[in-house]
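Reading the structure
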Amino acid sequence: MDDYVDIIVNSENICVLTGAGISAESGIPTFRGVGGMWAKYRPEDLATPEAFAANPRLVWEWYQARREAVSRAVPNAGHMALAGWEKLARSFVLVTQNVDGLHLAAGSRHVLELHGNIRRNRCTACGRESTMDEITFDGRPPVCGCGGMLRPGVVWFGEALPEAVLNEAFAAARECDLFLTVGTSAVVYPAAALPRLALDRGVPVIEVNTEETPFSAGATCSLRGPAGEILPQLVAAYASAPHRSRQTS
Ligand code: BV8
Ligand code: ZN
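**Some remarks on the overall build of the chain**
- A count of helical and extended segments in the chain gives ten helices and nine strands.
- Dimensions of the chain, computed from C-alpha atoms along their principal axes, come out at roughly 60 × 35 × 30 Å.
- For the chain, the residues scored as buried account for 51% of the 249 residues in total.
- Long-range pairs, those at least 24 residues apart, make up 66% of the contacts in the chain between residues at least 6 apart in sequence.
- With 22 positive and 27 negative side-chain charges, the chain shows a spacing of 4 Å between the two charge centroids.

**Structural notes on the sheet that holds strand S5 (residues 129–131)**
- Read across the open sheet, the three strands follow the order S5-S4-S6; overall the sheet is antiparallel. Every other strand in the sheet has two partners, leaving S5 and strand S6 (150–154) as the edge strands with one partner each. For this sheet the average axis-to-axis angle between neighbouring strands, irrespective of direction, equals 45°.
- Pairing analysis gives three bridges linking strand S4 (residues 116–123) to S5, with the strands arranged antiparallel. Within S5, the position partnered with Arg122 by the bridge is Glu129.
- Seen against the sheet, helix H5 (residues 56–72) touches S4 and S6 and runs at an angle of roughly 140° to S4.

**A few points about the coordination of the zinc ion (ligand 2)**
- For the zinc ion (ligand 2), the full set of protein donor atoms is Cys123 (SG), Cys126 (SG), Cys144 (SG) and Cys146 (SG), at a range of 2.2 to 2.4 Å.
- Viewed at the metal, the four donor atoms of the zinc ion (ligand 2) are separated by angles of 104 to 120°, and the geometry they form is tetrahedral.
- Considered as a linear motif, the donors of the zinc ion (ligand 2) on their single chain read C-x2-C-x17-C-x1-C. Here the residue Cys123 occupies a position in strand S4, and Cys144 occupies one in the loop between S5 and S6, the gap between them amounting to 21 residues. Of the two residues, Cys123 and Cys144, neither departs from the other in class, the shared state being buried.

**Some thoughts on unusual backbone geometry**
- Here Tyr189 and Pro190 are connected by a cis peptide whose omega angle stands at 0°.
- For Pro190, the location among the structural elements is in the loop between strand S7 (178–182) and helix H9 (193–200).

**So, the domain arrangement of the chain**
- In terms of domains, the chain is made up of domain 1 (2–27 + 75–115 + 161–248) and domain 2 (36–72 + 119–154).
- Placing a centre on the C-alpha atoms of domain 1 and another on those of domain 2 gives a separation of 29 Å.
- Domain 1 puts six residues into the contact, and the matching count from domain 2 is five residues.
- Buried area between domain 1 and domain 2, both sides added, is near 420 Å², and the carbon and sulfur share of it is 46%.
- When residues of domain 1 are sorted by the area they lose upon contact with domain 2, Val99, Asp100 and His115 head the list and together hold 67% of the total.
- The interface formed by domain 1 and domain 2 holds one salt bridge in total.
- In this structure, the salt-bridge partner of Arg120 is Glu113, at a minimum N-O distance of 3.9 Å.
- Counting across the interface, domain 1 meets domain 2 through one residue pair in polar contact (both at pLDDT 80 or more).
- Residues belonging to the side of domain 1 that touches domain 2 are distributed by class as follows: two nonpolar, two polar and two charged.

**Quick look at the packing of aromatic side chains**
- With the rule as written, the count across this model stands at six aromatic pairs.
- Aromatic side chains Trp85 and Tyr238 sit 5.5 Å apart centroid to centroid with 50° between the ring planes, which places their arrangement in the tilted category. Remark: Tyr238 occurs in helix H10 (residues 227–240) and Trp85 occurs in helix H6 (residues 77–88); sequence separation between them is 153 residues.
- What makes Trp85 buried here is its relative accessible area of 0%.
- Residue Tyr238 is classed as buried on the basis of its relative accessible area of 2%.
- In this structure an aromatic cluster arises from ring pairing among Phe52, Trp62, Tyr63 and Trp156.
- The ring centre of Trp62 lies 4.6 Å from the NZ or CZ of Arg66, which sits over that ring.

Procedures and definitions
Residues numbered from 1 in each chain as written. Chains lettered and ligands numbered in written order. Predicted model: local features only at pLDDT ≥ 70, side-chain atom pairs only at ≥ 80, totals over all residues. Heavy atoms only, no water. Helix = DSSP H or I, 4+ residues; strand = E, 2+ residues; numbered from the N terminus. Buried < 20%, exposed > 50% of the residue type's maximum accessible area, 1.4 Å probe, protein only. Contact = heavy atoms within 4.5 Å. Lys, Arg positive; Asp, Glu negative; His and termini not counted. Charge placed at Lys NZ, Arg CZ, Asp CG, Glu CD. Pairing = 2+ DSSP bridges. Axes fitted to C-alpha atoms, helices over the stretch in contact; angles between N-to-C directions. Donors = N, O, S within 2.8 Å, 3.2 Å for Na, K, Ca; no water. Tetrahedral: all angles 85-135°; square planar, octahedral: opposite > 155°, others 65-115°. Domains from an automatic or database assignment. Buried area = accessible area lost by both parts, 1.4 Å probe. Salt bridge = Lys/Arg side-chain N within 4 Å of Asp/Glu carboxyl O. Polar contact = N/O pair within 3.5 Å; in protein donor to acceptor, adjacent residues only side chain to side chain. Nonpolar A, V, L, I, M, F, W, Y, C, P; charged D, E, K, R; others polar. Phe/Tyr/Trp six-rings, centres within 6.5 Å; stacked < 30°, edge-to-face > 60°. Lys NZ or Arg CZ within 6 Å of the ring centre and 35° of its normal.

Put into structure tokens, the structure is as follows:
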């Protein structure tokens, strides 16, 4: 781990991509690890407009079950570490694929939610946004005042990501001098293109993951272990080093 302190301490513009793994220690099952009653479904089969059109009730039941887990979850040491790191760097852009809102709950301010937020609803007819607390779910898909059916305010497979948020995420990957990819299997695009863009620029990319991923071999370094343990160590190294300005080469 110490070999990488040098990479970290000289960085000033940091971009981080997080995935479901950073929320695992908060008790939220990872996307590909969703267990329990939903184990028989693949997320890719439920998180799609087609599944919603075919069976809105089933999709709503799945999201309400996940909202239950999200409502009980609190940010863990990994979320807190990134919120603290943001205060130390000149620029710190936190791009997340997660829809659980835990980075915002941890106090991170500059958060780009690529896939939306499970705590929000959107009307399929008029587009009006509301929060999960504004509806009472009785097993039937909730309905908007205009009569339209509500859907969860997330991006499904086959749907475009919010353009402004995605553009800002790519700009951050193009401008950073350190990229971290944390708790993601790096298989869902366009999010998975971000660490690869940084790597192609010759910028150091550090991966933090409990397992190997398709990205691990290409990363500048791949730190194996839980984000809740590793991230606080990285932030402590960053905070304790004298912040010399980057040597002009
Ligand atoms: C789009 C919101 C176009 C919903 C989600 C073939 C090839 C390439 C691409 C495609 C393809 N076929 C289709 C596509 C495109 C598709 C895609 O990438 N599919 C994949 C499956 C191949 N992408 C899309 O459809 C995107 N849209 O392309 O639109 C377009 C353009 C214009 C106009 C119209 C259309 C939309 C993608 C967004 C889908 N929505 N979520 C919801 O959440 O309900 S994605 C979903 O997967 C979640 O957001 C999740 O975060 C995300 C990625 O998963 P991960 O976060 O990586 O989670 P995972 O469980 O996989 O991994 C967890 C990792 O953590 C593991 O590695 C594990 O080891 C690690 N871990 C576990 N514990 C810890 C840990 N690490 C550290 N510490 C721990 N404690
Ligand atoms: Zn409406």
